[in-house]
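Coordinates in review
Below, each chain spelled out in residue letters.
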Amino acid sequence: MATGSVDEFQAQRGRMFGLAYRLLGSAEEAEDVVQDAYLRWSAADHAAIIAVPAWLARVVTNLCLNRLTSARARRERYAGPWLPEPVATADGALGPLDTAEQRESVSLAMLTLLERLTPVERAAFVLRESFGYSHREIAAILDVSEANGRQHYRRAVLRLGDSGARFAPDMGQWRRLVERFLRAAGEGDLGALEQMLAEDVVTWSDGGGKARAGRRPVVGRANVARLLALGLAKYGTDVRVAMAEVNGAPAVIGHRGGRLMGVLVVDVADGRVSALRAVLNPEKLRYLEEQLPELSHPAVGPGS
């Protein structure tokens, strides 16, 4: 393949990965899709390709659609709550996240909601909301009529409802809240911990049957406070806690001896913790562990 052709593909790699990840909720599968797209690009007649970004978007979308049906079947058999694979985003791995809407598009909450959609609905929604494609362009990518493309998009919007943005606090405010939050949890101070939790706070834990985690969401201030205090005490003082931006939001990283043990993404609303999503399945932590090889972020809380 000519160098220019390789360069054209490489220029679109980040965009392709971001599209595949939003469609699949899996970073490792998204990487596989990009590699498969490269094989198709290598075999293509480049002189016949009018618009490279649109051609690659169609290839990536179709590759993801082929995977989504089998992925849904696997997730129906998944042990406990399913959460997407976490991705560090401070370095732009999922594209620019300058607005609340852009951050919402890659949040664990939104990617989990997208599981409600059919594969084609999900593709239409992501292409429109995250990448700004017109309905005519979406129809061409999905190989449907424009009317059908619009219908898929409308159905997706109705199924998702009003998700609401969850990125009000800035990083400084969030860090101060989480430092107090972790300190209270580590000390087993349930009273202080409960004061930082919203009354209807919910916690989801994804262990996938490969790490100890609750099989059902835990709801309510008192229940979540007890769960956090017990869970943090279980890991002891040899687990170090750090902070990183994960899926467009601040997250707590737990690591031991350079090995990633878990990720806790915290949603904050009105100065209180409104939701927590813990990814503990080691298979889902591999990609993030590669992104953070030194795990050397400033530590807070237990083990620091």
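A quick note: this is a predicted structure, and the numbers were derived from the prediction, not measured. The residue numbering used here restarts from 1 in each chain and proceeds along that chain's sequence as written. Residues qualify for local features only when their pLDDT is at least 70, as the model is predicted, and side-chain atom pairs are given and counted only at 80 or more; totals for whole chains, interfaces and linings, by contrast, use all residues. To get the side-chain values, take all heavy atoms of the structure and skip hydrogens and water.

Helix numbers and strand numbers start at the N terminus; a helix is a DSSP run of H or I with at least 4 residues, a strand a run of E with at least 2. Helix and strand content of the protein: twelve helices and six strands. Burial classes follow relative accessibility: with a 1.4 Å probe on protein chains only, a residue under 20% of its type's maximum area counts as buried, one over 50% as exposed, and anything between as partly exposed. Counting all 304 residues of the protein, 47% fall into the buried class. Any two residues having at least one pair of non-hydrogen atoms within 4.5 Å are treated as being in contact. In the protein, the proportion of contacts linking residues at least 24 apart, taken out of those at least 6 apart, comes to 69%. Each accessible area value is a Shrake-Rupley result obtained with a 1.4 Å probe; residue values ignore everything except the protein chains displayed when judging cover. A total accessible area of about 14500 Å² is found for the protein, and carbon and sulfur atoms account for 49% of it.

As for its placement among the helices and strands, V224 is situated in helix α11 (residues 221-235). V224 sits 27 residues away from L197 along the chain, and the two C-alpha atoms are 8.3 Å apart. Among all residues touching V224, those that are not within four sequence positions of it are L197, V201, T203, V218, V219 and L276.

What follows deals with the packing of helix α6 (residues 119-129) against helix α7 (residues 135-142). Their axes nearest at 10 Å, the elements α6 and α7 cross at an angle of 140 degrees. The angle between the axes of α6 and α7 places the two elements in the oblique class. Of the two possible hands of crossing, α6 and α7 adopt the one that is right-handed. Between α6 and α7, the contacting residues are V120, A123, A124, L127 and R128 on the first element and H135, I138, I141 and L142 on the second. Note that Gly is not counted as nonpolar here; it falls among the polar residues with everything else outside the nonpolar set of Ala, Val, Leu, Ile, Met, Phe, Trp, Tyr, Cys and Pro and the charged set of Asp, Glu, Lys and Arg. Here the contact of α6 with α7 is built from residues that sort into seven nonpolar, one polar and one charged. Inter-axis angles, ranging from 0 to 180 degrees, are taken between N-to-C directions of lines fitted to C-alpha atoms, where helices are fitted over the stretch in contact. For this classification, under 35 degrees means roughly parallel, over 145 means roughly antiparallel, 65 to 115 means roughly perpendicular, and everything else is oblique. By definition, turning the near helix anticlockwise from the far helix through less than a right angle yields a left-handed crossing, and turning it clockwise yields a right-handed one.

Taken in spatial order, the six strands make up an open sheet running β2-β1-β6-β5-β4-β3, and their pairing is mixed. The sheet terminates laterally at β2 (218-219) and β3 (240-246), the two strands that pair on one side only. Any two strands with at least two DSSP-identified bridges between them are counted as paired. Judged from the six bridges that link them, strand β1 (residues 197-206) and strand β6 (residues 272-279) form a sheet pairing that is parallel. For W204, the partnering residue across the bridge sits in β6 and is R277. Lying on the sheet, helix α12 (residues 282-291) is in contact with β1, β3, β4 (249-256), β5 (259-269) and β6; it crosses β5 at an angle near 85 degrees.

So, on to the nonpolar core. Counting 48 residues, the largest nonpolar core has L19, V60 and L114 as its most contacted members. Elements that contribute at least two residues to this core include exactly α1 (3-24), α2 (27-43), α3 (52-76), α5 (108-113), α6, α7 and α8 (146-160). The dominant element in this core, judged by the number of residues it contributes, is α3, at nine residues. Beyond its immediate stretch of four places on either side in the chain, L114 contacts R22, R122, F125, V126 and L160. One finds F181, L197, V241 and V252 within the second-largest nonpolar core, a separate group that totals 24 residues. What we call a nonpolar core is a set of buried Ala, Val, Leu, Ile, Met, Phe, Trp, Tyr and Cys residues that are connected through their side-chain atoms within 4.5 Å.

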